[in-house]
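Survey of secondary and tertiary structure
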2 protein chains.
Amino acid sequence: MKYLSSTLFITIIFLTLSICTDAQIVYTDASKFPLIGKITTETETRYERLPTYLKDKVSRPAIWTLGKNTSGLAVLFNSNSTSISAKWEVLNNVKMNHMTDTGIKGLDLYCWKDNQWQFVRSARPEGKVTEQVIISNMTAEEREYMLFLPLYDGVSSLSIGVDSTAFIALPGILYTDVENPIVVYGTSITQGGCATRPGMSYTNILTRWMNREFINLGFSGNGQLDYEIAEVMAQRKDAGLFILDFVPNVDEAKIKERTKHFVNIIRKKNPLTPILFMESIIYPHSVFDMQTARNIVAKNAALHTEFETLKEDGDKNVYYLKGDNLINKDGEGTVDGIHLTDLGFQHIAKTLMEKINSILQ
Amino acid sequence: MKYLSSTLFITIIFLTLSICTDAQIVYTDASKFPLIGKITTETETRYERLPTYLKDKVSRPAIWTLGKNTSGLAVLFNSNSTSISAKWEVLNNVKMNHMTDTGIKGLDLYCWKDNQWQFVRSARPEGKVTEQVIISNMTAEEREYMLFLPLYDGVSSLSIGVDSTAFIALPGILYTDVENPIVVYGTSITQGGCATRPGMSYTNILTRWMNREFINLGFSGNGQLDYEIAEVMAQRKDAGLFILDFVPNVDEAKIKERTKHFVNIIRKKNPLTPILFMESIIYPHSVFDMQTARNIVAKNAALHTEFETLKEDGDKNVYYLKGDNLINKDGEGTVDGIHLTDLGFQHIAKTLMEKINSILQ
């Protein structure tokens, strides 16, 4: 080696660098890695939210369809690769005019760095099937990753790609506490409409900020206090907290008619678990639309009455969060007056985290 | 009237209310109302940004095409209608996977309320042509409105609808100072990629916050220091400030080669107007992507050298804004590591406003 000519030596270095740079991407099926955010593992396929037994038993077909959306689900893995890629197929190739495709059916990669989850980069979907380098040119260090799945579409297959010269493995350290998950039931807002990328729904933000598993049971337009969903929630007797964020999807009458029974279903199997009631956000356009303004006031008041009744009936573990500080007071937190943007989601996550900490302390 | 039976009286009230509720929507062509945000009125059609004379003279066809995008343009009007509707046709029905259709080709309505511009609601596009009620159920008060146009598409026609029983008129008070506009030149970020709705691009936020006309000359992927754009800018001798935000679209060599000449073109006709140089934002994914990190550092350093040279050459009216506090330090201000979300845009607007105020005071 000592006698290796300098030209040859340089050639070898160049070849080695070139091999490193041109390293093939090797894909591993993501089913090999842990998945967080599911209420149950007994589902038709891996990447969905509702138990198989509900298939023909939901109140409306839409609930079952929305259960196949992967909101709140994230894959955890560890790798020393200089690049991370993904190959994934979505179920329905959903499109909406007020939400990005990246939020609807893209992926969102985070990495544990300096004691917190740091945004790495999102993967922008190109149709039903996408293959994409998410990040490259990293130093070859071992890192813990969290990959958030689509908010408003399903995933029929998912593989994660790393350099052929690198490893990909189970998480070395599980930074997310999965012992006592926080289960959140609600609407399109709960499901993540209209975050620009999967990591920016409020349950996914809180998963990162609180290092705790959040289970997302948001059903766009269908958070209508359906009792079969309360049954599913009730089965998670290890839950640390149940959050109920359904008001935008029900009218005053339904709140009065269904809230108590919905809560009773959860309570039967979880007599002491804290339950947090969330009021509806104050839609920014209700500053002008008087009918919407009156409607929000009436529905929030109806929720408050239900909450007070439950307390008067002796439930010491119910909590309440008013709607007036859920989103930005400057009126800028939504895309359409109703659905939150990343600005709105970061604000609601801050308010909720404070409340959750005060409940769980 | 005194003797009108109470039943008849109630019937009349009901009929009147019903007429008010069912009021027809009457449309007025928006060309009747003032438009802000244009560098010149000498354009091929009303809703575009570049002067007609440039049509066959741009460095690249993309610049001309992007000039037809209506980023930064807003229509001002006054009405006492209880509802505001819009009917508009877009040029190209553009779609992108990391920006909402609402931001690309929707409309965004604001109203002057409590001494500031307050978000009313956005209009979500349904294709090439859309007709939509933006807001309804308002009290029948006279109000001043600002309607922001699409960020990433053109507008071939636009009408504003109000109740048949109401009026629509020229602005009663012009809250936006159009005397000394601030002209901003740059990239996709400048153009508003990827705000969720038109009002959330940084120049549109600043138009509202500073009650001042901002002229948006952001050209997605094409803020490449093209001298013909400097010529267009130079003609606005009434400009209060020129902002140059081109770094993300040029490499180090181009910064060195073109900055001075670009500035000289503006300077020839505007010897004393302040010019603000903006560094590139620090892309959040550059925390991991070392090549991107090095690239940003090198390009920002090259810009700083150009700035220092101009100062040394005796220009006392050049200013500089570093890139390190332009977007959220938590890494959450973008959709894809590069293009800002509403979260990123609100942050960059705050930083810029502070800087602009310090320059103009």
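All figures in this text were calculated on a predicted structure; none of them were measured in a lab.

Rules behind the numbers
Residues numbered from 1 in each chain as written. Chains lettered and ligands numbered in written order. Predicted model: local features only at pLDDT ≥ 70, side-chain atom pairs only at ≥ 80, totals over all residues. Heavy atoms only, no water. Helix = DSSP H or I, 4+ residues; strand = E, 2+ residues; numbered from the N terminus. Rg over C-alpha atoms; globule rule 2.2 N^0.38 Å. Buried < 20%, exposed > 50% of the residue type's maximum accessible area, 1.4 Å probe, protein only. Areas by Shrake-Rupley, 256 points an atom, 1.4 Å probe, with all protein chains shown as cover. Lys, Arg positive; Asp, Glu negative; His and termini not counted. Charge placed at Lys NZ, Arg CZ, Asp CG, Glu CD. Domains from an automatic or database assignment. Contact = heavy atoms within 4.5 Å. Buried area = accessible area lost by both parts, 1.4 Å probe. Axes fitted to C-alpha atoms, helices over the stretch in contact; angles between N-to-C directions. Parallel < 35°, antiparallel > 145°, perpendicular 65-115°, else oblique. Left-handed = near helix turned anticlockwise from the far one by under 90°. Phe/Tyr/Trp six-rings, centres within 6.5 Å; stacked < 30°, edge-to-face > 60°. Lys NZ or Arg CZ within 6 Å of the ring centre and 35° of its normal. Pairing = 2+ DSSP bridges. Least-squares fit on C-alpha atoms with pLDDT ≥ 70 in both. Disulfide = S-S within 2.5 Å. Salt bridge = Lys/Arg side-chain N within 4 Å of Asp/Glu carboxyl O. Polar contact = N/O pair within 3.5 Å; in protein donor to acceptor, adjacent residues only side chain to side chain. Core = buried A, V, L, I, M, F, W, Y, C linked by side-chain atoms within 4.5 Å.

1. Here we look at the overall build of chain A
Check the secondary structure of chain A and you find nine helices and 15 strands. Over its C-alpha trace chain A gives a radius of gyration of 23 Å, about what one expects of a compact globule, namely 21 Å for 361 residues. Considering chain A as a whole, with its 361 residues, one finds that 61% of them fall into the buried category. For chain A, the accessible surface area stands at approximately 14,000 Å², while carbon and sulfur atoms represent 53% of it. On chain A, the mean spot of the 37 positive side-chain charges and the mean spot of the 41 negative ones are 2 Å from each other.

2. Things to note about the domain arrangement of chain A
Residues and elements named next belong to chain A. When its domains are assigned, chain A resolves into domain 1 (23-169) and domain 2 (177-360). Spacing between the C-alpha centres of domain 1 and domain 2 amounts to 24 Å. The interface of domain 1 with domain 2 comprises 40 residues on the first partner and 39 residues on the second. In total, domain 1 and domain 2 occlude about 3,000 Å² of area from one another, counting both sides; carbon and sulfur atoms represent 59% of this.

3. Remarks on the packing of helix H6 (residues 227-234) of chain B against helix H7 (residues 252-269) of chain B
All names here are of chain B. Packing of H6 against H7 brings their axes to within 8 Å, and their N-to-C directions diverge by 25 degrees. One way to sum up the angle between H6 and H7 is to call them roughly parallel. Seen from above, H6 lies across H7 with right-handed handedness. Between H6 and H7, the residues in contact are Tyr 227, Ala 230, Glu 231, Met 233 and Ala 234 and Glu 257, Arg 258, His 261, Phe 262, Ile 265, Ile 266 and Lys 269, respectively.

4. Notes on the packing of aromatic side chains
The full count for this structure, using the stated rule, is 23 aromatic pairs over all chains. Taking the centre distance of 6.5 Å and the plane angle of 50 degrees together, the rings of Tyr 185 of chain B and Phe 219 of chain B count as tilted. With Tyr 185 of chain B in strand E11 (residues 177-186) and Phe 219 of chain B in the loop between strand E12 (212-218) and H6, this residue pair connects regions lying 34 residues apart in the sequence. The exposure class of Tyr 185 of chain B is buried, given its relative accessible area of 0%. Through a chain of ring-to-ring contacts, three or more aromatic side chains come together here, namely Phe 33, Phe 77 and Tyr 145 of chain A. Lying over the aromatic face of Tyr 110 of chain A, Arg 208 of chain A brings its terminal NZ or CZ to 3.9 Å of the ring centre.

5. Regarding unusual backbone geometry
Residues and elements named next belong to chain A. The omega torsion across Gly 193 and Cys 194 is 10 degrees, close enough to zero to call that bond cis. With respect to the helices and strands, the residue Cys 194 is situated in the loop between helix H4 (188-191) and helix H5 (202-210). Phi at Asn 93 is positive, roughly 50 degrees, even though this residue is not glycine. The residue Asn 93 is located in the loop between strand E4 (84-90) and helix H3 (101-105) in this model.

6. Let's talk about the sheet that holds strand E13 (residues 241-245) of chain B
What holds strands together in a sheet is hydrogen bonding between their backbones, with the strands either parallel or antiparallel. Residues and elements named next belong to chain B. Read across the open sheet, the five strands follow the order E12-E11-E13-E14-E15; overall the sheet is parallel. Where the open sheet ends on each side, the last strands, each with one partner, are E12 and strand E15 (318-321). Sheet twist, expressed as the average angle between the axes of neighbouring strands with direction ignored, equals 20 degrees. Pairing analysis gives five bridges linking E11 to E13, with the strands arranged parallel.

7. Examining the relation of the copies chain A and chain B
Of the transformation placing chain A onto chain B, the axial shift is 0.0 Å and the rotation is 180 degrees, giving an RMSD of 0.0 Å. Considering both components of the superposition, the chain copies are consistent with a two-fold axis. The residues that chain A uses at the interface reappear at the interface of chain B in 100% of cases, marking a shared surface.

8. So, the state of the cysteines
By the definition in use, this model includes zero disulfides over all chains. Here Cys 194 of chain A is not disulfide-linked; the sulfur of Cys 194 of chain B is the nearest cysteine sulfur, at 15 Å. On the accessibility criterion, Cys 194 of chain A (3% relative accessible area) is buried.

9. Overview of the sheet that holds strand E1 (residues 25-29) of chain B
All names here are of chain B. The four strands are arranged E1-E9-E4-E7 in an open sheet whose pairing can be described as antiparallel. Of all the strands in the sheet, just E1 and strand E7 (129-135) have a single pairing partner and so form its edges. Strand-to-strand twist of the sheet, defined as the mean angle between neighbouring strand axes without regard to direction, takes the value 25 degrees. In terms of strand pairing, strand E4 (residues 84-90) meets E7 through six bridges, oriented antiparallel. Paired with Ile 84 across the bridge in E7 is Ile 135.

10. Description of the interface of chain A and chain B
Across the boundary between the two partners, chain A contributes 46 residues, which contact 46 residues of chain B. Counting each side, the surface lost to burial between chain A and chain B is near 4,100 Å², with a carbon and sulfur contribution of 52%. Across the contact surface, chain A and chain B share six salt bridges. A salt bridge links Arg 208 of chain B to Glu 332 of chain A; the shortest N-O distance between them is 3.0 Å. Taken together, the links from chain A to chain B amount to 32 residue pairs in polar contact (both at pLDDT 80 or more). Of all the elements in the fold, those that place two or more residues in the side of chain A that touches chain B are H3, strand E5 (107-113), strand E6 (116-123), helix H8 (290-312) and helix H9 (342-360) of chain A.

11. Regarding the nonpolar core
Residues Tyr 202, Ile 243, Leu 352 and Ile 356 of chain A together with Ile 243, Leu 352 and Ile 356 of chain B are the most contacted members of the largest nonpolar core, which totals 86 residues. The residues touching Leu 352 of chain B, leaving out its near neighbours within four places in the chain, are Tyr 202, Leu 206, Ile 243, Leu 276, Met 278 and Leu 321 of chain B.

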